[in-house]
Structures are given as structure tokens and as C-alpha cells.
Amino acid sequence: MHIKTKQPRKQRRLLYQASSHIRHKLMSSHLSDELRKQYGFRSLPIRTGDVIMVMRGDHKGHTGKVIRVNNKKYRIYIEGLVRKKADGSEVFIPVHPSKVQIIKLNLDDKWRKKIIERKMATKTSST
């Protein structure tokens, strides 16, 4: 998604009106230092099953598995990161993907493996 404007209102509008394949790319997060050295690239879209660590905010340092990814609201939900409601029930706290770091990748999906191989190949060919 190439944005040619600096105006905040147009930036927000493009975010809210983005199509699903662009939203998926925007739901990316940085890889940990170990994963970055292993794979040779900086970030990857978050998927259910990834293990992540919260890097910013009130829940900084919390580590857990991604339970749900909400592309519509640009939020992810992490195992163990819950809040008690007034009636006693627990709800997951939404976190923006830019505030987390991927510690362990979920490689169960063959499509994701292909994406990682493709990104690794482009990095090695460009250097």
C-alpha cells in the first residue's frame, strides 16, 4: 500500500477503507532478534498460533500465544491477557500488532512456509 499523502485524515481514511489483502499486510509485527538472524528479514504478518511478547503499554513483557486476529479492527488477542468484567466474566484485551514482537512462528501452514522461503530467497539474492 503506497500512500502519497501526509495528511492524517487521509492516512486514517486509507486505513479504514483498506481491502482485506492490504489489511493482512498491515497486521505485521517485528520478529525477535533470534528469528531475525535465523530468517534474515525483519517482520511478518501475525497469525493465530504465533507466540508473541507485548513490548509496549500496560501489559509490557506479557508472553503468550495468539488466539484470534481481528483484521477489521487491527487488533490481536493473546492467551492469558484478560480483563474481568463487572459481572465476573473474563474478556480478552485487544492489542495492536505494532506493539508486539513475534518470538515463535506457527509453521503449521504450508502457505506460510512458502512465504518465509520466498522472503529468504529475495534477501539472499539482493545482498
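Residues numbered from 1 in each chain as written. Predicted model: local features only at pLDDT ≥ 70, side-chain atom pairs only at ≥ 80, totals over all residues. Heavy atoms only, no water.

Asks: For the overall build of the protein, give the residues involved together with the corresponding values.
Replies: For the protein, the count of helices and strands is four helices and seven strands. Scanning the protein from its N terminus toward the C terminus, one meets helices and strands in the order α-α-β-α-β-β-β-β-β-β-α. Based on the C-alpha atoms only, the size of the protein along its principal axes is roughly 55 × 35 × 25 Å. For the protein, the proportion of its 127 residues judged to be buried stands at 28%. Across the protein, contacts joining residues at least 24 apart in sequence account for 46% of those joining residues at least 6 apart. Accessible surface for the protein amounts to roughly 9,000 Å². Of this, 51% is attributable to carbon and sulfur atoms. (Helix = DSSP H or I, 4+ residues; strand = E, 2+ residues; numbered from the N terminus. Buried < 20%, exposed > 50% of the residue type's maximum accessible area, 1.4 Å probe, protein only. Contact = heavy atoms within 4.5 Å. Areas by Shrake-Rupley, 256 points an atom, 1.4 Å probe, with all protein chains shown as cover.)

Asks: I'd like a description of the confidence of the model for the protein, backed by residues and values.
Replies: Of the residues in the protein, 97% have a pLDDT of 70 or more, and the chain-wide mean is 94. When pLDDT is averaged over each helix and strand of the protein, the minimum, 88, is found for helix H4 (residues 110–126) and the maximum, 98, for strand E3 (residues 51–54). (pLDDT = per-residue confidence, 0-100.)

Asks: An account of unusual backbone geometry is requested, with residue identities and associated values reported.
Replies: Phi is positive for Tyr74, close to 55 degrees, though the residue is something other than glycine. Among the structural elements, Tyr74 can be located in the loop between strand E4 (63–70) and strand E5 (75–84).

Asks: Summarise the pairing of strand E6 (residues 90–95); cite the residues concerned and give the values.
Replies: Each regular strand carries side chains that alternate between the two faces of the sheet. Inspection of the sheet shows E5 paired to E6 by five bridges, in the antiparallel sense. Residue pairing for E6: Tyr77 is matched across the bridge by Pro94. Counting the residues in the hairpin turn of E5 and E6 gives five residues, including Gly88, whose phi is positive at 100 degrees. (Pairing = 2+ DSSP bridges.)

Asks: Just give me the short version of H4, but keep the residues and values in it.
Replies: Note that an α-helix has 3.6 residues per turn; residues three or four places apart therefore point the same way. With 17 residues, H4 extends 25 Å from end C-alpha to end C-alpha; this agrees with the ideal 24 Å at 1.5 Å per step. With a side-chain oxygen lying 3.3 Å from the backbone nitrogen of Trp111, the N-terminal cap of H4 falls on Asp109. (Expected span 1.5 Å × (residues − 1). Polar contact = N/O pair within 3.5 Å; in protein donor to acceptor, adjacent residues only side chain to side chain.)

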